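One-letter residues, chain by chain:
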Amino acid sequence: MANKKGTNKTKDSLQAAESDDQQRLRFQVELEFVQCLANPNYLHFLAQRDFFKDPCFVNYLKYLLYWKKPEYAKFLKYPMCLYFLDLLQSEEFRRKIVTAPCCKFIDDQAILLWQHYTRRRTKNLEQQHFLHNPPRNQPNPQQNQNGTSQKMN
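Since the structure is predicted, the reported quantities are computational estimates derived from the model, not experimental observations.

## Side note on the overall build of the protein
Logical step 1: Across its full length, the protein holds 8 helices and 0 strands.
Logical step 2: Reading the protein from its N terminus to its C terminus gives the helix and strand order α-α-α-α-α-α-α-α.
Logical step 3: Taken over 153 residues, the protein has a buried fraction of 22%.
Logical step 4: A separation threshold of at least 6 residues defines the contact pool for the protein, and within that pool the share at least 24 residues apart is 63%.

## Details of the environment of Arg 95
Logical step 1: Residue placement: Arg 95 occurs in helix α7 (residues 91-96).
Logical step 2: Sequence separation of Arg 95 and Phe 52 is 43 residues, and the distance between their C-alpha atoms is 7.9 Å.

## Here's the deal with the packing of aromatic side chains
Logical step 1: Enumeration according to the criterion identifies 15 aromatic pairs in this entry.
Logical step 2: Seen in terms of ring centroids, Tyr 63 and Tyr 66 are 5.2 Å apart; in terms of plane orientation they differ by 55 degrees. Their pairing is tilted.
Logical step 3: Judged by relative accessible area, Tyr 66 falls into the buried class, the value being 16%.
Logical step 4: Relative to Tyr 72, the ring of Tyr 66 has its centre 4.8 Å away and its plane inclined at 80 degrees; by these criteria the two rings are edge-to-face.

## Side note on the pattern of salt bridges
Logical step 1: A complete count under the given rule lists 7 salt bridges for this structure.
Logical step 2: For Glu 30, the salt bridge is made with Arg 26, and the minimal N-O distance between the two is 3.9 Å. On the criterion of helical spacing, the pair formed by Glu 30 and Arg 26 is a turn pair, its members being 4 residues apart in helix α2 (residues 20-36).
Logical step 3: The salt bridge involving Asp 50 is made with Lys 53; its shortest N-O contact spans 3.5 Å.
Logical step 4: The partly exposed category is assigned to Asp 50, whose relative accessible area is 41%.

## Considerations on the nonpolar core
Logical step 1: In this structure, Leu 37, Leu 43, Phe 52, Leu 61, Leu 64, Trp 67 and Ile 97 are the most contacted members of the largest nonpolar core, which totals 26 residues.
Logical step 2: When contributions to this core are tallied by element, the ones reaching two or more residues are α2, α3 (40-48), α4 (55-63), α6 (80-87) and α8 (100-132).
Logical step 3: The element contributing the most residues to this core is α6, with 5 residues.
Logical step 4: Residues within four places of Leu 37 in sequence aside, it is in contact with Leu 43, Leu 46, Leu 61, Cys 81, Phe 84, Leu 85 and Leu 88.

## Notes on the environment of Asn 39
Logical step 1: Here Asn 39 is to be found in the loop between α2 and α3.
Logical step 2: Residue classification places Asn 39 among the partly exposed residues on the basis of a relative accessible area of 35%.
Logical step 3: For the pair Asn 39 and Tyr 78, spaced 39 residues apart in sequence, the C-alpha to C-alpha distance is 9.6 Å.
Logical step 4: Side-chain polar atoms of Asn 39 contact the backbone nitrogen of Asn 41, separated by 2.8 Å.

Rules used in this analysis
Residues numbered from 1 in each chain as written. Predicted model: local features only at pLDDT ≥ 70, side-chain atom pairs only at ≥ 80, totals over all residues. Heavy atoms only, no water. Helix = DSSP H or I, 4+ residues; strand = E, 2+ residues; numbered from the N terminus. Buried < 20%, exposed > 50% of the residue type's maximum accessible area, 1.4 Å probe, protein only. Contact = heavy atoms within 4.5 Å. Phe/Tyr/Trp six-rings, centres within 6.5 Å; stacked < 30°, edge-to-face > 60°. Salt bridge = Lys/Arg side-chain N within 4 Å of Asp/Glu carboxyl O. Core = buried A, V, L, I, M, F, W, Y, C linked by side-chain atoms within 4.5 Å. Polar contact = N/O pair within 3.5 Å; in protein donor to acceptor, adjacent residues only side chain to side chain.

Below you can see the structure in the form of structure tokens.
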């Protein structure tokens, strides 16, 4: 029983040793790093320098999966990073991203996705705006030119 309490005291003291400022800084650093993973060229850079061959770094990538939880994901500006974080869990992807053609292909696909998403999102927003705010100078299709309602059969 004393052993369990001693273990809890050690765990509590480690958590208490990290101040609020240190926790905030760790959160910001990890947030920035996770978002950098949305850039295929950065992944290529890391792969060329053998970061993905380091078991400690691979374990760190596994640790970062907590960013997929909604309470953390809401802080991300580039949610694509979570997709790449998932891909980085695969040894095969970590091996392939070191090649320039693979990096270029992923980069091109990401750009195409963002362009398509932006166009589609803009179009949807315009349609929603039009539905909720119809032009005022056009008559209602259910009214005739005199402004009276037409009876539809």
